[in-house]
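# Notes for the structure review
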Amino acid sequence: MEDFLLFAAVGFLAQAVDGALGMAYGVISSTVLLAFGVPPAQASASAHAAELFTTAASGSAHLYHRNIDWKLFWRLIPFGVVGGMIGAFVLTSFEGEQVKPIVTTYLAVIGSWLLFRSFRRIPTNPVKLRIVAPLGAVAGFLDAAGGGGWGPVATTGLLGAGGQPRFVIGTVNATEFLIALSVSLSFLATFVTGHWEQAGEFRDYLTSVGGLIVGGVLAAPLAGWIVKTLPEKTLLRLIGSLITLLAGYQTLELTGWL
């Protein structure tokens with residue numbers, strides 16, 4: 001029960017930030033799971049399984065508030081799905097200990113990038129659609145391979161290209177459900193075909209996945225209130241610092257300092 005409540009709190013915090021900023025649920029969830037010793041492939045699969053529920057709730061809220069740019073939505077989805085499926089296949093092709101340093105480094109970079117972005121003024125110019133396809137493919141790949149990244153990569157990329165925060169965040173949250181679904185099905189396919197031999201260990205993490213789901217679903221409807229209460233820069237700095245610190249902890253553990 002203590003583990004369940006801990007992961008429920010993590011899921012609540014992660015979804016509160018993700019729903020408000022369009023990023024961070026997968027990154028926070030997978031980083032915490034890695035910190036508790038969960039192998040990278042299982043951590044990514046667990047985070048995406050939980051996201052099936054949390055992104056459905058969050059996407060529905062953004063749909064209700066008309067925060068979705070449908071032209072951007074349909075351009076982003078196919079490339080994100082393909083990238084995510086490739087990322088899941090690549091991640092399950094290697095031993096967990098071999099991939100862990102790469103994933104940890106990636107999470108540290110994402111955390112530092114979020115922190116850096118909090119000190120920059122976000123432009124509000126029309127997004128050029130020609131950058132959406134490669135951005136979606138890269139974000140989908142890193143999301144599956146790193147256990148999180150669709151929001152950080154897609155949202156920051158679109159905002160950096162001049163997208164309006166309201167529609168960028170709403171669209172990225174809405175697309176995230178389909179990305180999580182495609183990645184989860186990819187993990188399932190690798191298990192069914194025998195490509196992912198360690199998948200049987202997934203049952204050992206059902207408590208953590210359950211906690212992430214409950215916490216995330218409870219937080220999803222509150223995202224609108226949170227984004228009105230706390231400044232966007234404050235949330236970016238908090239989450240950027242948290243991810244960077246957790247990734248740093250993983251790095252010290254891998255190098256034998258802990």
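Residues numbered from 1 in each chain as written. Predicted model: local features only at pLDDT ≥ 70, side-chain atom pairs only at ≥ 80, totals over all residues. Heavy atoms only, no water.

Okay, the nonpolar core next. Within soluble globular proteins, side chains that are nonpolar tend to cluster in buried spots. Counting 50 residues, the largest nonpolar core has I28, W150, L158, L212 and I239 as the members making the most contacts within it. Here the element with the most residues in this core is helix α4 (residues 70-91); it accounts for seven residues. Ignoring any residue separated from it by four or fewer positions in sequence, one finds W150 in contact with L76, G80, G136, A139, G140, D143, T155, V172, T175, E176 and I179. (Core = buried A, V, L, I, M, F, W, Y, C linked by side-chain atoms within 4.5 Å. Buried < 20%, exposed > 50% of the residue type's maximum accessible area, 1.4 Å probe, protein only. Helix = DSSP H or I, 4+ residues; strand = E, 2+ residues; numbered from the N terminus. Contact = heavy atoms within 4.5 Å.)

Turning our eyes to something else, we now look at the packing of helix α2 (residues 25-35) against helix α9 (residues 206-219). Axis separation between α2 and α9 bottoms out at 12 Å; the angle between their running directions is 150°. By the angle class used here, α2 and α9 are roughly antiparallel. In this structure, α2 crosses over α9, and the sense of that crossing is right-handed. When α2 is examined against α9, the residues Y25, S29 and L33 are found in contact with a partner set consisting of S208, L212, I213 and G216. (Axes fitted to C-alpha atoms, helices over the stretch in contact; angles between N-to-C directions. Parallel < 35°, antiparallel > 145°, perpendicular 65-115°, else oblique. Left-handed = near helix turned anticlockwise from the far one by under 90°.)

Let us now look at the packing of aromatic side chains. Applying the stated rule across the entire model yields three aromatic pairs. Ring geometry for F7 against F36: centres 5.3 Å apart, planes inclined by 55°, an arrangement best described as tilted. Here F7 is found in helix α1 (residues 2-21), whereas its partner F36 is found in the loop between α2 and α3 (40-64), with 29 residues between them in sequence. Look at F73 and W74: their rings are 4.9 Å apart centre to centre, the planes differ by 85°, and that puts the pair in the edge-to-face class. Here the aromatic cluster, defined as three or more aromatic residues joined through ring pairs, consists of W70, F73 and W74. (Phe/Tyr/Trp six-rings, centres within 6.5 Å; stacked < 30°, edge-to-face > 60°.)

With 83% of its residues at a pLDDT of 70 or more, the protein chain shows a mean pLDDT of 78. Per-element averaging of pLDDT across the protein chain places helix α10 (residues 223-229) at the bottom with 63 and α4 at the top with 89. (pLDDT = per-residue confidence, 0-100.)

The next thing to look at is α2. Burial of α2 is extensive: 10 of the 11 residues sit out of reach of the surface. For α2, the complete set of buried residues consists of Y25, G26, V27, I28, S29, S30, T31, V32, L33 and L34. G37 lies just past α2 and shows a positive phi near 90°.

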